Each structure stands twice: as C-alpha cells, then as structure tokens.
Amino acid sequence: MKNFALIGAAGYIAPRHMRAIKDLGHRLSVAYDINDSVGIIDSISPQSEFFTDFERFLEHAYRLRRDPATALHYVSVCSPNHLHHAHIAAGLRLGCDVICEKPLVPTPALIDELAEVERETGRRVYNILQLRHHDAILKLREKVAAAPRDNKFDVELTYITSRGKWYMESWKGDPRKSFGVATNIGVHFYDMLQFVFGPALRNEVHLNAEAKAAGYLEYERARVRWFLSIDADDLPAEVKGKKTTFRNIDISGEQLEFSEGFTDLHTTSYREVLAGRGYGLADARPCIEVVDTIRNSPPTAARAGEGHPFLKRRSA
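Residues numbered from 1 in each chain as written. Predicted model: local features only at pLDDT ≥ 70, side-chain atom pairs only at ≥ 80, totals over all residues. Heavy atoms only, no water.

Participant: What's the story with the overall build of the protein chain in this structure? I'm lost.
Facilitator: Broken down by element type, the protein chain carries 11 helices and 12 strands. Computed over its C-alpha atoms, the radius of gyration of the protein chain comes to 20 Å, within 12% of the 20 Å expected for a compact globule of 316 residues. Referenced to the eigenvectors of the C-alpha coordinate spread, the extents of the protein chain come out at roughly 65 × 45 × 35 Å. Burial status across the protein chain gives 53% buried among its 316 residues. Here the contacts in the protein chain between residues at least 6 apart in sequence split such that 70% fall between residues at least 24 apart. (Helix = DSSP H or I, 4+ residues; strand = E, 2+ residues; numbered from the N terminus. Rg over C-alpha atoms; globule rule 2.2 N^0.38 Å. Buried < 20%, exposed > 50% of the residue type's maximum accessible area, 1.4 Å probe, protein only. Contact = heavy atoms within 4.5 Å.)

Written as structure tokens, this is what we have:
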C-alpha cells in the first residue's frame with residue numbers, strides 16, 4: 001500500500017484522484033487546500049488529515065517521513081494551473097513522485113526546470129493524460145498507423161463548454177492563473193492529437209479571446225481546424241437550450257464518438273503510474289509547446305481551407 005498526499009482537494013477534478021487512490025487499494029494520508037469545502041473526503045477517505053495552510057501541510061508531510069510506515073510515496077497535484085510548478089517541485093523535494101493534472105506547466109522552460117528538480121531529488125513527475133487511455137482514441141491511433149504514410153487526415157475539432165459568470169471571477173477566468181482558454185480546456189485535446197497524428201509541424205492562431213480561441217494545427221498525419229469556447233452563445237442552434245456542452249471531432253468525414261468511457265480513466269492513469277508506465281515530462285512537452293505557442297502568437301487571418309467554420313459566424 002502506497003501513501004498519498006493531495007494538493008488542491010477542493011477542486012473539481014480532485015475527487016477523481018481521491019477515488020483512483022482508494023479504488024487501487026492505497027491510502028490518502030493527507031490533503032491540502034486553501035478552501036475548506038472538501039466534504040467529498042467523507043465519502044472517500046474520512047481518515048485523511050486535512051490542512052488549509054501549506055506550511056502546516058509541509059510540516060506534517062516531513063514528520064510522516066520519520067516512520068517508513070507513514071512516509072509519503074506520492075503527491076497528487078490538483079491545484080490551480082499557475083501553482084502546478086511550485087507544488088510539483090515541493091512534492092519532489094519531499095522525496096515523493098508526483099502525479100499532476102493538466103496542464104502540467106505553462107511553458108517548455110518550466111518543464112526543463114522540473115527535469116532539473118527530478119535530477120536533484122531522484123524522483124519522477126507524471127502527468128495525467130487520460131485521453132491516451134480511452135478506447136476510442138486508441139482505436140483511432142491504430143487506424144492512423146495502419147493507413148498509408150502519405151495519407152493526411154483532415155480533422156475538425158469543436159469543443160464548446162458553457163460557463164456561467166462565476167467562471168470569469170474565479171482563477172480560471174484569470175489568464176495569469178489559467179493561461180487562457182486554449183490552455184485550460186484545450187491542452188488535453190492537443191495532447192490527444194499529437195498522440196494520434198504525430199508531431200506538430202505548423203501552429204497558426206486565428207482567434208484568441210477571453211472566452212474562445214481558434215486556429216489551425218498541422219501534424220505529421222493530420223490537418224486540424226480547431227475551435228474552443230466557454231461562451232454559450234457559440235452553441236449550435238440544434239444544441240442551444242438543450243445541452244450546455246457541444247463536442248465534435250470530425251476526421252475526414254467520420255465522427256469520433258468518445259462521449260462515453262471517461263469514468264475510470266483517472267484510475268487507469270494511476271494504475272499505469274504505479275506500474276511504472278506513467279507519462280512523464282517528455283510525454284507532456286509536445287502539448288505544452290503547442291499551448292505556449294498559441295498564447296504567444298498574434299492572431300492572423302486564416303488561409304484558404306484552414307479556418308474553422310465557426311469563425312465565419314462567431315466573433316470574439
């Protein structure tokens with residue numbers, strides 16, 4: 001049985017990490033968050049220690065090291081995006097391996113910095129890249145690999161997930177903390193795309209606004225027009241008023257259906273990490289390079305055939 005700490009226990013994604021730890025037969029020893037709305041712990045791991053001060057959390061974690069039976073093995077990081085780097089480094093320096101949510105960090109330079117901390121501590125960083133474990137994505141990857149090498153797929157990616165006014169008041173609406181829409185809600189799609197279609201060769205930004213972004217990505221095996229939004233007004237007419245989310249991935253005229261099968265992907269990710277097959281810094285780098293470029297590239301007019309259809313009827 002491994003002992004876990006969790007940083008960011010009050011966040012949306014934290015319960016999936018808690019359940020993965022429990023379902024795999026391990027112990028959530030201690031959790032931390034500046035917010036105390038963590039009642040979910042009662043139904044998953046009520047015996048866990050909990051702190052709202054990071055200093056007290058660290059002190060407790062160091063004391064646990066005195067006894068091999070209580071010493072922490074892993075730190076799971078589910079905190080706001082801008083704190084990932086600091087919390088990962090802290091976990092490594094506690095002598096633990098670290099499992100972190102997406103986006104791992106905002107820039108490739110910070111990946112290099114974490115690699116240095118890995119070398120200093122002898123511990124490892126793992127990123128949750130759960131779409132790589134989804135059956136539909138794995139089947140698509142096999143299909144692409146089996147296709148002739150000169151065959152390039154045309155992909156249209158649309159993801160609209162409506163958010164209320166609270167979103168812009170939270171850390172997620174602050175680009176200094178979330179790093180913007182493309183990073184916060186798009187990074188796992190960019191990872192999936194390079195996992196399936198190979199390295200990114202071109203990255204053009206056509207729209208980069210507070211609530212939406214769009215652009216064109218060319219991968220080794222695909223040409224991708226993408227549109228991401230948290231604005232309910234962007235929902236297609238056939239969906240508006242019925243659903244708050246619209247997700248569509250068209251691959252050379254065929255729809256990729258992967259609405260189901262998400263329930264246990266975090267548990268699968270944890271199982272792979274614990275088996276020594278987790279995704280590390282090198283695996284996370286390509287999608288971080290993509291979002292870093294998107295954030296720092298001025299929008300340009302789309303070339304013929306490269307603009308997402310929603311660009312024609314949506315404005316920033």
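Participant: Help me out: how do you make sense of the sheet that holds strand β7 (residues 153-161) in this one?
Facilitator: By way of backbone hydrogen bonds, the strands of a sheet pair with one another, either parallel or antiparallel. With respect to topology, six strands assemble into an open sheet ordered β8-β9-β10-β7-β11-β12, the strand pairing being mixed. This sheet does not close on itself; its edge strands, each paired only once, are β8 (200-208) and β12 (254-255). Bridge count between β8 and strand β9 (residues 212-219): seven bridges; the pairing is antiparallel. If you follow R202 over to β9, its bridge partner there is E218. Together, β7, β9, β10 (222-229) and β11 (245-251) form the strand contacts of helix α9 (residues 181-197), whose direction differs from that of β10 by roughly 160°. Lying on the sheet, helix α11 (residues 281-296) is in contact with β8, β9 and β10; it crosses β8 at an angle near 40°. (Pairing = 2+ DSSP bridges. Axes fitted to C-alpha atoms, helices over the stretch in contact; angles between N-to-C directions.)

Participant: Is there a simple way to explain the sheet that holds strand β5 (residues 97-100) in this structure?
Facilitator: Taken in spatial order, the six strands of this open sheet run β3-β2-β1-β4-β5-β6, and their pairing is parallel. Each having just a single partner strand, β3 (49-51) and β6 (125-127) make up the two edges of the open sheet. The average angle at which neighbouring strand axes cross in this sheet is 20°, direction not considered. Pairing of strand β1 (residues 3-7) with strand β4 (residues 74-77) involves four bridges; the strand directions are parallel. Residue L6 lies in a different strand from β4, and its bridge partner there is S76. This element, helix α1 (residues 14-23), spans β1, β2 (27-32) and β4 of the sheet and lies at about 175° to β1.

Participant: I would appreciate a short explanation of the packing of helix α6 (residues 135-146) against α9 in the present structure.
Facilitator: Two measures define how a pair of helices packs: the angle their axes make with one another and the distance between the axes. Running from N to C, α6 and α9 point in directions that differ by 35°, and their axes come no closer than 8 Å. Residues I137, L138, L140, R141 and V144 of α6 lie in contact with α9, whose contacting residues are M192, F195, V196 and F197.

Participant: Would you explain helix α4 (residues 84-93) in this entry?
Facilitator: Turn by turn, an α-helix covers 3.6 residues, leaving residues three or four places apart pointing in a common direction. For α4, a buried count of seven out of 10 residues is recorded, marking the element as mostly surrounded by other parts of the structure. Listed as buried for α4 are H84, H87, I88, A89, A90, G91 and L92.

Participant: Please explain the side chain of E272 as it appears in this structure.
Facilitator: Locating E272 in the fold gives a position in helix α10 (residues 265-274). Setting aside its immediate chain neighbours within four residues, E272 contacts H133, R277 and G278.

Participant: Sorry, what's going on with unusual backbone geometry here?
Facilitator: Comment: phi is negative for the bulk of residues other than glycine, and the bulk of peptide bonds are trans. Of the consecutive residues K102 and P103, the connecting peptide bond is found in the cis state with omega at -15°. One can find P103 in the loop between β5 and α5 (108-121). Even without being a glycine, F179 presents a positive backbone phi close to 70°. As for its position among the elements, F179 is in the loop between α8 (175-178) and α9. Overall, F179 belongs to the buried group, its relative accessible area being 15%.

Participant: I keep staring at the pairing of β2 and nothing clicks. Help me out?
Facilitator: Note on strand geometry: in a regular strand, side chains alternate between the two faces of the sheet. The element β2 is extensively covered by neighbouring structure, given that five of its six residues are classed as buried. Across five bridges, β1 lies against β2 in parallel orientation. Each bridged residue has a counterpart across the sheet, and for L6 the counterpart in β2 is A31. After leaving β1, the chain enters α1 and then returns to the sheet as β2, a path that is right-handed. Alignment of β2 against β3, held across three bridges, turns out to be parallel. In the strand pairing of β3, Y32 is matched with F51. (Right-handed = clockwise from strand over helix to strand, strands pointing away.)

Participant: Just to check I follow, could you spell out the packing of α5 against α11 for this structure?
Facilitator: Taken N-terminus to C-terminus, the directions of α5 and α11 make an angle of 160°; their axes are 9 Å apart at the nearest point. By the angle class used here, α5 and α11 are roughly antiparallel. Along its contact with α5, which presents P108, I111, D112, L114, A115 and E118, the element α11 presents L281, A284, R285, I288, E289 and D292. In terms of residue class, the contact of α5 with α11 is made up of seven nonpolar, no polar and five charged. (Parallel < 35°, antiparallel > 145°, perpendicular 65-115°, else oblique. Nonpolar A, V, L, I, M, F, W, Y, C, P; charged D, E, K, R; others polar.)

Participant: Which parts of the structure should I look at to understand the side chain of H17?
Facilitator: Within the secondary structure layout, H17 lies in helix α1. Looking at H17, the relative accessible area reads 0%, which means it is buried. Those residues in contact with H17, other than ones at most four positions away along the chain, are L6, S76, C78, E101, I128, H266 and Y270.

Participant: Help me out: how do you make sense of the packing of aromatic side chains in this one?
Facilitator: Think of a pair of aromatic rings as described by two things: how far the centres are apart, and how the planes are tilted against each other in angle. All chains considered together, the criterion is met by 10 aromatic pairs. For the pair F4 and Y74, a centre-to-centre distance of 5.0 Å together with 15° between the ring planes defines the contact as stacked. Taken together, the positions of F4 in strand β1 and Y74 in strand β4 put the pair 70 residues apart, joining distant regions of the chain. Y74 matches F4 in its accessibility class, with the two residues each being buried. Seen in terms of ring centroids, Y32 and F54 are 5.2 Å apart; in terms of plane orientation they differ by 65°. Their pairing is edge-to-face. Of this pair, Y32 sits in strand β2 while F54 sits in helix α3 (residues 54-64), and the two are 22 residues apart along the sequence. (Phe/Tyr/Trp six-rings, centres within 6.5 Å; stacked < 30°, edge-to-face > 60°.)

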